[in-house]
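# Structural description and commentary
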Amino acid sequence: MIPYLVTVRRRRPDGRWRRLHVPVPPVLLVLSPLLLLAVLGGLVACLVFRISPVGALGGAGRLLWALPGTRVEFEQGRTALLVCVR
């Protein structure tokens, strides 16, 4: 299952949290030309380093399948960032 919504929370310097909901399908639609270039670049890299493109694609698919429910937190000084994938 591809995630449909990514929630990003950022702590402001005053301590309050700011929440941003990012819908994934429209972002993918807008960035699809860049995604196509990234896939082609990945294919070339697989051929250069003698990696199976099918195996690399399978690994990327397993990574996307595992994303829903993932929480990633970054904190540096007074700034904090929390990313939740749903």
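Everything quoted here is computed from the prediction, not taken from an experiment.

Reading the values: the criteria
Residues numbered from 1 in each chain as written. Predicted model: local features only at pLDDT ≥ 70, side-chain atom pairs only at ≥ 80, totals over all residues. Heavy atoms only, no water. Helix = DSSP H or I, 4+ residues; strand = E, 2+ residues; numbered from the N terminus. Rg over C-alpha atoms; globule rule 2.2 N^0.38 Å. Buried < 20%, exposed > 50% of the residue type's maximum accessible area, 1.4 Å probe, protein only. Contact = heavy atoms within 4.5 Å. 1 Å grid on protein atoms, 1.4 Å probe; cavity = no way out; pocket = protein on both sides within 12 Å on 5 of 7 lines; lining within 4 Å. Points joined across faces, edges and corners; volume = space filled by probe spheres on them. Nonpolar A, V, L, I, M, F, W, Y, C, P; charged D, E, K, R; others polar. Pairing = 2+ DSSP bridges. Axes fitted to C-alpha atoms, helices over the stretch in contact; angles between N-to-C directions.

### Details of the overall build of the chain
Tallying secondary structure elements over the chain gives three helices and four strands in all. Starting at the N terminus and walking to the C terminus, you meet the elements of the chain as β-β-α-α-α-β-β. For 86 residues, the compact-globule estimate of 2.2 N^0.38 gives 12 Å, and the C-alpha radius of gyration of the chain, at 17 Å, exceeds that figure by more than 25%. Principal axes of the C-alpha set define a box for the chain whose edges measure 50 × 25 × 25 Å. By the burial criterion, 13% of the 86 residues in the chain qualify as buried. Counting only contacts in the chain whose residues sit at least 6 apart along the sequence, the fraction spanning at least 24 positions is 42%.

### Things to note about the layout of surface pockets
Roughly 580 Å³ of volume is contained in the largest pocket. What lines the largest pocket is a set of 23 residues, and nearest its centre among them are Leu35, Val39, Leu57, Ala60 and Leu64. Counting residues per element, the ones that place at least two in the lining of the largest pocket are strand S2 (17-23), helix H1 (24-30), helix H2 (32-48) and helix H3 (53-66). Taken together, the residues that form the lining of the largest pocket break down as 21 nonpolar, two polar and no charged.

### Quick look at the sheet that holds strand S1 (residues 5-11)
In space, the four strands of this open sheet follow the order S2-S1-S4-S3, with antiparallel pairing throughout. Edge strands, defined here as strands with exactly one partner in the open sheet, are S2 and strand S3 (71-76). When strand polarity is set aside, the average angle formed by the axes of neighbouring strands in this sheet is 15°. Bridging between S3 and strand S4 (residues 79-85) involves six bridges; their strand directions are antiparallel. Within S4, the residue paired with Val72 across the bridge is Val83.

### Structural notes on unusual backbone geometry
In this structure, Arg50 takes a positive phi of about 55° despite not being glycine. Mapping Arg50 onto the fold places it in the loop between H2 and H3.

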